[in-house]
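Observations on the model geometry
The chain contents come next:
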Amino acid sequence: MHRIAVLRHSLHEKRLNTLADSFSLSLRLIVDLDPKLAAIIGLSLRMSVGSTLISALVGLPIGALVAIAEFPARGVVVAVLNAMMGLPPVVVGLLVYLLLSRAGPLGSFGLLFTPGAMVIAQSVLITPLVAALSRQVVEDGWHELHEQLRSLRARLARRIGTLLWDTRYALATVVLAGFGRAASEVGAVIIVGGNIDGVTRVMTTAIALETSKGDLPLALALGEVLIALVLAINLAAYALREWAKVRFG
């Protein structure tokens, strides 16, 4: 019994040492700006920014239109938008894969297993989120300004533009939320991107791969950067909301 206890203690101590070493090496990779780590982070940021911009250009006007337009079944559209915020990433990845595959309608463009395919998948995921959240923001602004805009006989496009500008600070937090969703996405991008080293390997897919390979320092380093990025996004959104409250009441 004593020998078994000693063996268990030594194994437990070894695991602790390995974990401590992994954290130490992960921090060194970040501090030294390891080229492989930097390349993965750079690709992740470029893709996330690109998909967020596309989602903002599409989702913000859709959200504003649904917020102020009066049409039959508007409640159904709002419910669908809200439901699409919870789209399963792997299902989105599968649908985009089918669209971009050789047998699919967009197969001739050769986008499958490229960063472009990953941006498309992320955009499909993020756009409903941006549209649904911006609808609520613009709808609140519409309640405050609708009498003034109607008295000026502003057309629909003018109303949308005015409300988007008037609520721009609140909408900025919506866009930041979309960026956070894009940066942390793994299911859809690994299906359409293939997790190819140096081509389509981003932080989330690299974490999954390096963990399975046993390269814990690199996986931990990527995880630490991803957590720091998500925290920074949330802090920026909070700071922007508080600044807007102080400035505009």
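See the structure shown above.
So, here's what we can say about the structure. (Residues numbered from 1 in each chain as written. Predicted model: local features only at pLDDT ≥ 70, side-chain atom pairs only at ≥ 80, totals over all residues. Heavy atoms only, no water.)

Considerations on the pattern of salt bridges
When the charged atoms of two side chains lie near each other, side chains of opposite charge can form a pair. Where we set the bar: Salt bridge, as used here: a side-chain nitrogen of Lys or Arg that lies within 4 Å of a carboxyl oxygen of Asp or Glu. Secondary structure elements follow DSSP: runs of H or I of four or more residues count as helices, runs of E of two or more count as strands, with numbering from the N terminus.
By the definition in use, this model includes 5 salt bridges. Close ionic contact of arginine 74 with glutamate 139 constitutes a salt bridge, the shortest N to O distance being 2.7 Å. On the criterion of sequence distance, the pair formed by arginine 74 in helix α3 (residues 74–84) and glutamate 139 in helix α5 (residues 115–151) is long-range, its members being 65 residues apart. Measuring nitrogen to oxygen at the nearest pair gives 2.8 Å for the salt bridge that ties arginine 135 to glutamate 139. Of this pair, arginine 135 and glutamate 139 are both found in helix α5, 4 residues apart, which corresponds to roughly one turn of the helix.

Some words on the side chain of threonine 200
Note the following rule: Burial status follows relative accessibility: with a 1.4 Å probe on protein chains alone, a residue under 20% of its type maximum counts as buried, one over 50% as exposed, and anything between as partly exposed. In protein, a polar contact requires one atom able to donate a hydrogen and another able to accept it; more generally it is a pair of N or O atoms within 3.5 Å, and residues adjacent in sequence count only if both atoms are side-chain atoms. Here, residues are in contact when the closest pair of their heavy atoms is within 4.5 Å.
Mapping threonine 200 onto the fold places it in the loop between α8 (187–193) and α9 (203–213). Threonine 200 sits in the buried class, given a relative accessible area of 0%. From its side chain, threonine 200 meets the backbone nitrogen of asparagine 195 in a polar contact 3.4 Å long. Residue contacts for threonine 200: discarding those within four places in its chain leaves Leu43, Phe113, Thr114, Pro115, Met118, Gly193, Gly194, Asn195 and Thr205.

Looking at the nonpolar core
What counts, and what does not: Note on terminology: a nonpolar core comprises buried Ala, Val, Leu, Ile, Met, Phe, Trp, Tyr and Cys residues joined through side-chain atoms within 4.5 Å.
Ile68, Val138, Leu149 and Leu163 are the most contacted members of the largest nonpolar core, which totals 18 residues. Sorting the residues of this core by element identifies α2 (35–68), α5, α6 (156–166) and α7 (168–183) as the ones contributing at least two each. When neighbours within four sequence positions are excluded, isoleucine 68 is seen to be in contact with Val138, Trp142, Leu156, Arg159, Ile160 and Leu163. One finds Leu43, Val119, Leu125 and Ala188 within the second-largest nonpolar core, a separate group that totals 15 residues.

Notes on unusual backbone geometry
Positive phi, normally seen in glycine, also occurs at phenylalanine 113, with a value near 60°. Classification of phenylalanine 113 by relative accessible area gives partly exposed; the value is 35%. Not every positive phi belongs to a glycine, and asparagine 195 is a case in point at roughly 55°. Here asparagine 195 shows up in the loop between α8 and α9. Its relative accessible area of 11% is what places asparagine 195 among the buried residues.

Observations concerning the packing of aromatic side chains
We apply this condition: Whether two aromatic rings pair depends on their centres lying within 6.5 Å, for rings of Phe, Tyr and Trp, where Trp uses its six-membered ring; planes under 30 degrees apart make the pair stacked, over 60 edge-to-face, and the rest tilted. Over a ring means this: the NZ of a Lys or the CZ of an Arg is within 6 Å of the ring centre and within 35 degrees of the ring normal.
In the structure shown here, the tally under the stated rule is 2 aromatic pairs. Relative to tryptophan 243, the ring of tyrosine 169 lies with its centre 5.0 Å away and its plane at 70°, an arrangement referred to as edge-to-face. Separated by 74 residues along the polypeptide, tyrosine 169 in helix α7 and tryptophan 243 in helix α10 (residues 216–248) bring together distant segments of the chain. Judged by relative accessible area, which is 38%, tryptophan 243 ranks as partly exposed. Above the plane of the ring of tryptophan 165 lies arginine 168, whose end atom (NZ or CZ) is 3.9 Å from the centre.

Points about α2
Selection rule: Helices are assigned an expected span. That span is 1.5 Å times one less than the residue count. To get the bend at any residue, fit one axis to the seven residues that end at it and another to the seven that begin at it, then take the angle between the two axes.
With 34 residues, α2 should cover 50 Å at 1.5 Å per step; its first-to-last C-alpha distance of 49 Å lies within 8% of that length. Where α2 bends most, the angle comes to about 30°, and this point is alanine 56. For α2, the N-terminal capping position is held by aspartate 34, with its side-chain oxygen 3.2 Å away from the main-chain nitrogen of lysine 36.

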